[in-house]
Amino acid sequence: MSSLPTIATVIGSGTMGPGIAATLARAGATVRLYDISADAITRAEAAYDMVRGVLEAVDSPSAPGGSVTFGTDLDAALADTELIIEAVPEKLELKRSVLADLEARIGDDVIIATNTSGIPISTMAESMTVPARLIGMHWSNPPHLIPMIEVIPGNATAPEHVDRLIEIVKAFNYVPVLEKEIPGFVENRVLYAILRECMALLEEGIVTPEGLDACVKWGIGYKLSVVGPTRLLDMAGLDIYQAVSSYLNKDLDNSTDTPEFIKDKIAAGQLGFKSNGGMYEYGEGDVDAKRKEIITGLIAARKTLASIPNV
Ligand SMILES: NC(=O)c1ccc[n+]([C@@H]2O[C@H](COP(=O)([O-])OP(=O)(O)OC[C@H]3O[C@@H](n4cnc5c(N)ncnc54)[C@H](O)[C@@H]3O)[C@@H](O)[C@H]2O)c1
Ligand SMILES: Cc1ncc(CO)c(C(=O)O)c1O
């Protein structure tokens, strides 16, 4: 018997919503994908078709009968739902407003899981009628391929909802990681520590962007995809870690703001794929080609990693 919710609702059908909905549906859930914008829903229907194609390449559905419907009628999206996943833009006041609107339309037993990238759950819950129902459920992009979800209770989250969400994540064959609340949560704190050092190395001209990507991808990226950082210390030797950290830690970048060269790029409208230029420049068709290469690579890596021992 699957412990997946029979009915789940995803609020926000942008970058993350369609992949989240598809992942739940592939495990047999009836998913309603809601957005305030009809245009966003139209885009989401196209995104969902693409995501389904990607998931077909990864593995077969883990349970029959799942489905995703799309709409801008909130009451219809919430009818009889057991789990709401909030995926609206990363703005605290907007999330608070959406939470209030949801709470006015649902029973006290319905869990709301927020996909926030790092806003403290306790902060978001402060304004809620039933703060016990809110829990962090941080998916990574692309959500239909990265099979790890951070589960972050706030200080008011009901323990039974923590247990239930972990059960749900396992029911669609993802890896739940239970964490204490900290700004940015675990994954983004590690990622942003890495990105801070990477940006400093670029800013100082120590390495080119291509060299940096090759170094991280084929060095620590490759190794950490198989051996986690804690196991890596045993592999390398804690004595080596002490010897190197004793002089290196003090020399690492400790900037507290976004690098100026990044701010300059943003000011010039260079945002990355979404503007055909950012850290790299992209000609006609290059972004679509690069996106396809990334998805193909993630599928191949996921299949390989799923086939080897969890060391
Ligand atoms: N993009 C990522 O890589 C990523 C990864 C993990 C987590 N997140 C987090 O997930 C959340 C969503 O991020 P995203 O990248 O999908 O955002 P997005 O901007 O791509 O999509 C947000 C969607 O929410 C809709 N929306 C706005 N106001 C709404 C409202 N009041 N009610 C319903 N829908 C509304 C918008 O129309 C849009 O379609 C954010 O908290 C973000 O930090 C993003
Ligand atoms: C740069 C960056 N920032 C935030 C997130 C998710 O919260 C991601 C991601 O890939 O999921 C990211 O790459």
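Residues numbered from 1 in each chain as written. Chains lettered and ligands numbered in written order. Predicted model: local features only at pLDDT ≥ 70, side-chain atom pairs only at ≥ 80, totals over all residues. Heavy atoms only, no water.

Going by what an unreviewed UniProt entry lists, the protein is known as 3-hydroxyacyl-CoA dehydrogenase family protein and is assigned to Labedella gwakjiensis. The heading Pathway (unreviewed entry) in the UniProt record of the protein holds the text "Lipid metabolism; butanoate metabolism." Recorded in UniProt for the protein, the comment headed Sequence similarities (unreviewed entry) runs: "Belongs to the 3-hydroxyacyl-CoA dehydrogenase family." (UniProt positions renumbered as here; feature names shortened; annotations may be inferred.)

Attention now moves to the overall build of the protein. Of regular secondary structure, the protein possesses twelve helices and eight strands. The C-alpha atoms of the protein give 21 Å as radius of gyration, which agrees with the globular expectation for 311 residues (19 Å, within 12%). The dimensions of the protein, computed from C-alpha atoms along their principal axes, are 55 × 45 × 40 Å. Residue burial in the protein is summarised as follows: out of 311 residues, 39% are buried. (Helix = DSSP H or I, 4+ residues; strand = E, 2+ residues; numbered from the N terminus. Rg over C-alpha atoms; globule rule 2.2 N^0.38 Å. Buried < 20%, exposed > 50% of the residue type's maximum accessible area, 1.4 Å probe, protein only.)

Attention now moves to the confidence of the model for the protein. Residue-level pLDDT values for the protein average 96, and 99% of them are 70 or greater. For this predicted complex, the interface confidence comes out at an ipTM of 0.96, alongside a pTM of 0.94. (pLDDT = per-residue confidence, 0-100.)

Below, the discussion takes up the side chain of R133. The residue R133 is located in the loop between α5 (121–125) and β6 (134–138) in this model. On the accessibility criterion, R133 (1% relative accessible area) is buried. Apart from the residues within four sequence positions on either side, R133 is in contact with E103, I106, G107, D108, V110, I111, I112, M128 and H161. (Contact = heavy atoms within 4.5 Å.)

Time to look at the packing of helix α2 (residues 38–58) against helix α12 (residues 286–306). Contact geometry for α2 and α12: axes closest at 10 Å, N-to-C directions at 30°. When the axis of α2 is compared with that of α12, the two are roughly parallel. When you trace α2 past α12, the crossing you get is right-handed. Across from V54, A57 and V58 in α2, the residues of α12 making contact are I295, I299, R302 and K303. Classifying every residue of the contact of α2 with α12 gives five nonpolar, no polar and two charged. (Axes fitted to C-alpha atoms, helices over the stretch in contact; angles between N-to-C directions. Parallel < 35°, antiparallel > 145°, perpendicular 65-115°, else oblique. Left-handed = near helix turned anticlockwise from the far one by under 90°. Nonpolar A, V, L, I, M, F, W, Y, C, P; charged D, E, K, R; others polar.)

Attention now goes to unusual backbone geometry. Note the cis peptide between N141 and P142, where omega equals -5°. Examined against the element boundaries, P142 turns out to sit in the loop between β6 and β7 (148–153). Backbone geometry at D80 places phi at a positive 60°, although glycine is not the residue there. When its relative accessible area of 64% is taken as the criterion, D80 is described as exposed. Of note, the phi angle at N173 is positive, near 65°, even though the residue is not glycine. Position of N173 among the secondary structure elements: in the loop between α6 (159–171) and β8 (175–178).

Once that is clear, we can look at the UniProt feature "binding site: NAD(+)" (unreviewed entry) in the protein. Taking the UniProt record as the reference, the feature "binding site: NAD(+)" (unreviewed entry) is found at G12, S13, G14, T15, M16, G17, D35, E90, K95, S117, N141 and K274. Separation in sequence by 263 residues is matched in space for these annotated residues, since their most distant C-alpha atoms are 23.8 Å apart. From this annotated list, the subset lining the second largest pocket comprises G12, G14 and D35. Examined against the element boundaries, T15 turns out to sit in the loop between β1 (7–11) and α1 (17–26). (1 Å grid on protein atoms, 1.4 Å probe; cavity = no way out; pocket = protein on both sides within 12 Å on 5 of 7 lines; lining within 4 Å.)

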